[in-house]
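Each chain, letter by letter, is given below.
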Amino acid sequence: MSENDILEMDSLSDTEEERGDAELGMIDEEVVYPEEFLPTYHSIREGAKVDKAQQAEFNGKPDSLFFNDGVRRIDFILVYEDEDKKDFEKRHTFARRLRRREYFEASLMKMGVELEATPSVVDDKLTFLKIHMPWDVLCTYAEVLHIKLPIQVNDLSSRPSPWRYLSWIAKPFYPSEDLIRKETEFFTAPFEKDRLEYFYVKDRDIFFTPSMRSRMAYYILSRAPYEIRGSIKKFGMNKLLDGGVYKAAYPLHDCRFNVRSSEEGCPNERYLLYEEWAHPKSFYKMQPLDLIRKYYGEKIGIYFAWLGFYTIMLTLAAAVGLGCFIYGYTTKDTSTWSNEVCDPNIGGKLVMCPQCDSCNYWPLISTCDTSKKLCIFDNFGTLVFAVFMAVWVTLFLEFWKRYQAELEYEWDTVEFLEQEEPPRPEYEAKCVYERKNPVTGVKEKVPYTAWGRCVRVSIGMGTVLFWIMLILASIVAITVYRLAVFITFSTKLRNTDLKDLEPLKEYVTPQMATSVTASIISFVVIMILNVLYERVAIWITDFELPRTKTDYENSLTLKMFLFQFVNYYSSCFYIAFAKGKAVGYPGKPVYLLGEYRNEECDPGGCLIELTTQLAIIMGGKAIWNNIQEVLLPWVKNLIFRHCNSAASEKVIPRWEQDYQLQPSSKLGLFYEYLEMVIQFGFVTLFVASFPLAPVLALINNLAEIRIDAWKITTQFRRIVPEKAQDIGAWQPILQGIAILAVATNAMIIAFTSDMIPRLVYYWSFSVYPYGDHPDNTMEGYINSSLSVFNISDFHSRSLVTNTSIPSNFSSSLVTNTSIPSNFSSSLVNNTSIPSNFSTCRYRDFRFPPGHPRQYEHNVYYWHVNAAKMAFIIVVEHIVYFTKFILSYMIPDVPYAVKEQIKREKYLTQIILHETNLKLVTRRLKNGDDEILSNEEAKVTKEEMELDF
């Protein structure tokens, strides 16, 4: 196949191939698609005269949703530039577009669709093509798309809620019942045109909702041919949009978002959605999900249902996380080990070894503030919260399954199976190979052989892996940056007067400066790689040619998320599990690439750095996304209105008002889901280091719901309604994150925080035989957790020539350090620091100098590692067992929903399928009557003969 086959969506006709080259150009009326996919299609002979759309001027009704006759409803709009009004020297470039457009419109009319073209009121070069689906066409394609429609009013009474007596309390938090009335519930069944009398058809004009009509119109537009070249047929509206034949295609909003329609009978659903959902004043109200689904389709409805459910569940997690934070904040001054760091007689007299080759010695007391901040997050409350979040995420996923099952029934997507979903036009256009369907045994067309599919998938996987390796390379580059710039910051900050930064002076350390700048650079790299990879992922998925749109979206979702997972979480995984883990000891440090000394954690530990990283990425990502979602479409629409300000005094029709809005994204809701799932990962994977993550996520989501609602309701054209049963590939992704979160939080507590070493000291090393204290205590932990190093043992490469304390040691690093109020000022002022020293301390568990096994790991180290592994194993097994029990105990489908589904299936069988039994019975009865009549006639004849 040629390279442009994929773009042109060419389809080869088997009949034409058999006829040979002699009959090219003479095309009989043959079907491009199987009849069950496009039953009304009939091709037009090449060179034949084609019908043109009816022309009509604007009738002056700005809110009208009908043709000029006021009867035929507008189901879709196509916009194009009139080629006859182009400049003369450019006309030849638009002849091909005109030919394709005329053939496309003629094909639509051949399929039973009615058209009406109206010139623009604002721009005389534009023409708006209005599309109407007649009743017969709607019935035909409702059966093709298996649209479920009402057959009988739901006679199952809903069970009374145990909270019904408190409904008056919750009433203000729901949309106004005076504006958005609850609709009647029906039992539904897949539509069948031959059994129309069994469906609840009260009024043909409203039997099919506007979203259903638009969905069927889009189905036809995506498959109507626009050009025939010999045996090659080209079809599909999307290619015409990409090629400039049409400038836009969209269904109509039913009214302006802030003003009711003047048309009689208009439901004003867009206005109601804005007032009760998208307006900022309604931020505290529940979402009108049924109206959202009715107006935008099930796919949009299920997204907002999931987002709202996630936000409600976050309320509980945020409350517990906030309580954990308050507990840490109120108990930070009672921490024994932190008080030892801030004690001038303990932390003030401990000289720490340099953390880089050009760094200087530093006093432990300089980390007093950091240790206090660390106590807020590194405490027993964090451990409890991490276990709670593991249980919370299981409850969230299980209860979401139940809620989703209810929505599936209420929104008629229970039987939305894969075999019911039609293939994508791009897939059908490439079907040139035959194979035997493994299910039906019937021969069918496919776009590739088994070998060809393997090649396509292999190329796609290879490209994804290449980009993931590119991200990992950027991570290594940022790591090298951190190592290199840490030396620079250490030198500059030591030789720079920071009086101008007096309020922030105590926070401006080399470690913090390195961490913050690296986080910002990492954020910029993430955003740049996102833009590049999006195009690559779309190209790969197009190349793989998935069969259905659901397959396409799931494949693209998996590729994008794998990339985004590495992109967003890599820096957090590095800080949590790699940084400061392989640094050696002062006399024998480990060097990366043989040149850069491995980066050590901040003096207060890596946990506080992980917290900083999470806050920067979560905060920066939320701010950036909200700016994009709010400002970009608003500014674009503002500029468009400014450029057309001359026509603002004219009466503009509904279809032209919508044209001035922004088009919806080709990826649909992908980035909306991705934003929330990435946030879900931050909330669950690293919550042990940042209990406030659920609080930030809750605040962001409360704004996100209204921003998304405001955006699609006021700034974008109406989205083409689509069917969806669930949230697609995002469901297994969420489950995978939930499983991984248990392991990551257990490992953060074990390897990143100091909780396990403190517990080991408290229970084992503070008392006999390792300690001198009579009872278990945390006193002496700091001295026990810091190993001793003889400065004369420094390696020549990392030798620190200045073995004396800097002259400003006591004044700048001690007196300016925040000391807890419970320490007397005399202790600080009388602290004597020796001018020379022979040893320094570092964070590790090793034998001291002079020991037969000096600088080797001591027994404390092995006790701590054994305790860490035991902690991980025990916590993981307990949590996973709890998750399994909860998953087993909570059914995915509520019992009441199961009853309603069974009742609906029973009615469908009775009303629809017993019709066949009646027909058979009637035929059998007619046959019996004929036999009986013949026998009676025979008897009568014999009697007459006897009488004669």
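Residues numbered from 1 in each chain as written. Predicted model: local features only at pLDDT ≥ 70, side-chain atom pairs only at ≥ 80, totals over all residues. Heavy atoms only, no water.

Colleague: Pulling in residues and values, what's your account of the overall build of the protein?
Modeller: Helix and strand counts for the protein come out as 29 helices and 20 strands. Counting every position in the protein, which comprises 948 residues, the buried fraction comes to 51%. For the protein, restricting intrachain contacts to residue pairs at least 6 apart in sequence, the fraction spanning at least 24 positions comes to 78%. When the accessible surface of the protein is split by element, carbon and sulfur atoms take 59% of a total near 46500 Å². (Helix = DSSP H or I, 4+ residues; strand = E, 2+ residues; numbered from the N terminus. Buried < 20%, exposed > 50% of the residue type's maximum accessible area, 1.4 Å probe, protein only. Contact = heavy atoms within 4.5 Å. Areas by Shrake-Rupley, 256 points an atom, 1.4 Å probe, with all protein chains shown as cover.)

Colleague: Give me the pattern of salt bridges: which residues, what numbers.
Modeller: Taken as a whole, this structure holds 29 salt bridges when the rule is applied. Among the ionic pairs, Lys 711 bridges to Glu 672, the shortest N-O distance being 2.8 Å. One end of the pair, Lys 711, is in helix H22 (residues 693–715); the other, Glu 672, is in helix H21 (residues 670–685), and 39 residues separate them in sequence. One salt-bridge network, held together by shared partners, links Lys 299, Lys 549, Glu 553 and Glu 722. (Salt bridge = Lys/Arg side-chain N within 4 Å of Asp/Glu carboxyl O.)

Colleague: Give a description of the environment of Val 695 that names residues and reports values.
Modeller: Considering the arrangement of structural elements, one finds Val 695 in helix H22. Relative accessible area serves as the criterion here: at 19%, Val 695 is assigned to the buried category. Val 695 sits 374 residues away from Gly 321 along the chain, and the two C-alpha atoms are 7.2 Å apart. Not counting residues up to four positions away in its chain, the partners in contact with Val 695 are Ala 318 and Leu 322.

Colleague: Kindly report on the UniProt feature "transmembrane region" (unreviewed entry) in the protein, identifying the contributing residues and their values.
Modeller: In this numbering, the UniProt entry assigns the feature "transmembrane region" (unreviewed entry) to residues 303–329, 380–400, 464–489, 509–533, 676–699 and 733–752. Helix and strand shares over residues 676–699 are 71% and 0% respectively, and the end C-alpha atoms of the span are 13 Å apart. (UniProt positions renumbered as here; feature names shortened; annotations may be inferred.)

Colleague: Quick one: what's the story with the packing of H21 against helix H23 (residues 730–752), residue by residue and with numbers?
Modeller: Running from amino to carboxyl end, H21 crosses H23 at an angle of 25°, the nearest separation of the two axes being 8 Å. Looking at the two axes, H21 sits roughly parallel to H23. Here the hand of the crossing between H21 and H23 comes out right-handed. For the pair formed by H21 and H23, the contact residues are Phe 670, Tyr 673, Leu 674, Val 677, Phe 680, Gly 681, Thr 684 and Leu 685 on the first element and Trp 730, Ile 733, Leu 734, Ile 737, Leu 740, Ala 741, Thr 744, Asn 745 and Ile 748 on the second. Grouping the constituent residues of the contact of H21 with H23 by class yields 13 nonpolar, four polar and no charged. (Axes fitted to C-alpha atoms, helices over the stretch in contact; angles between N-to-C directions. Parallel < 35°, antiparallel > 145°, perpendicular 65-115°, else oblique. Left-handed = near helix turned anticlockwise from the far one by under 90°. Nonpolar A, V, L, I, M, F, W, Y, C, P; charged D, E, K, R; others polar.)

Colleague: If you had to explain unusual backbone geometry to someone new, which residues and values would you point to?
Modeller: Here the bond from Tyr 768 into Pro 769 is cis, since omega is 10°, no more than 30 degrees from zero. Structurally, Pro 769 is set in the loop between helix H24 (755–765) and helix H25 (781–785). With a phi close to 55°, Asn 268 is a non-glycine residue in the positive phi region. Within the secondary structure, Asn 268 sits in the loop between strand E10 (248–250) and helix H9 (269–278). Residue classification places Asn 268 among the buried residues on the basis of a relative accessible area of 6%.

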